[in-house]
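# Structural overview for review
Take a look at the letters that make up each chain.
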Amino acid sequence: ELIYGVILLSLQNYINKSCVDFLEIESLKCNRASQLYNKGSKIVCVDITQIQLIIALANYFKHKDENNKMHQQTEDCFRKVNILRFARKGDERYEDTLIIEGLLLLIKDIRDVSDLLQITKDWRRNILELCRELRKQSL
C-alpha cells in the first residue's frame, strides 16, 4: 500500500504540474486544475475519468490518517466508482483495500504499475492534441 501510495502521489504531482501549464491556454476555458482532470482521459465509471480516480486515490492516501474524514470530492469519486465501502475505518491492523480496488479499476495487473504512467502520459498527450485542435479552429 505504501509503494502504491507513493506512486499515486508522484502521478498526482505530475498531473497537477501539467495542469499549471494547460491553465494558461485560454482556449481550454479552464481556471482550475480539477477542470482538466476530465478532459482527454478515459471514463472509468459514470462520469469519473482515470485521471480523476488517480487524483482521488492519491488524496485518500495522503489524508487517510487525518480525522477519519475524507474530502468531499474524494468521497464522491469513490462512491461513483463503488469503492467507498473499502475505506479503512480506523483500525490500522487491517490492510486498507480501497487503494487496491481503485487500482484494479485503472489497470489489469497491479504488479505492473507502468500502466499508471501510461494513463497519465496518454492524458497529457490528449490534452496537447486538444489544444492543437482548438488552435486550428481559432485560426
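To be clear, the structure that these remarks concern was listed above.
Report follows, based on the coordinates. Position numbers for residues start from 1 in each chain and track the written sequence from start to end. The predicted origin of the model limits local features to residues at a pLDDT of at least 70 and limits the giving and counting of side-chain atom pairs to 80 or more, whereas totals for whole chains, interfaces and linings rest on all residues. Values reported for side chains reflect all heavy atoms of the structure, with hydrogen atoms and water molecules removed beforehand.

A few words on the side chain of Gln12. Each helix corresponds to a stretch of at least 4 residues labelled H or I by DSSP, and each strand to a stretch of at least 2 residues labelled E; elements are numbered beginning at the N terminus. As for its position among the elements, Gln12 is in helix α1 (residues 2-23). Residue Gln12 is classed as buried on the basis of its relative accessible area, which comes to 4%. The term polar contact refers here to a pair of N or O atoms within 3.5 Å; inside protein, the definition further demands a hydrogen-donor-capable atom paired with an acceptor-capable atom, and it admits residues adjacent in sequence only when both atoms are side-chain atoms. Only 2.7 Å separates the side chain of Gln12 from the side chain of Asn59, close enough to count as a polar contact. Setting aside its immediate chain neighbours within four residues, Gln12 contacts Ile55, Ala58, Asn59 and Lys62. Relative accessibility decides the category of a residue: with a 1.4 Å probe and only protein chains considered, values under 20% of the type maximum give buried, values over 50% give exposed, and everything between is partly exposed. Whether two residues are in contact is decided by their heavy atoms, any of which lying within 4.5 Å being enough.

Our next topic: the pattern of salt bridges. A side chain of one charge can pair with a side chain of the opposite charge when the charged atoms of the two come close. Any Lys or Arg side-chain nitrogen found within 4 Å of a carboxyl oxygen on Asp or Glu counts as a salt bridge. Tallying each qualifying case throughout the model produces eight salt bridges. Its salt-bridge partner being Arg124, residue Asp21 comes within 3.9 Å of it at the nearest N-O pair. One end of the pair, Asp21, is in helix α1; the other, Arg124, is in helix α6 (residues 114-138), and 103 residues separate them in sequence. Judged by relative accessible area, which is 42%, Asp21 ranks as partly exposed. For Glu129, the salt bridge goes to Arg132, with nearest N and O atoms at 3.3 Å. You can see Glu129 and its partner Arg132 sitting in helix α6, three residues apart, about one turn around the helix. Classification of Arg132 by relative accessible area gives partly exposed; the value is 47%.

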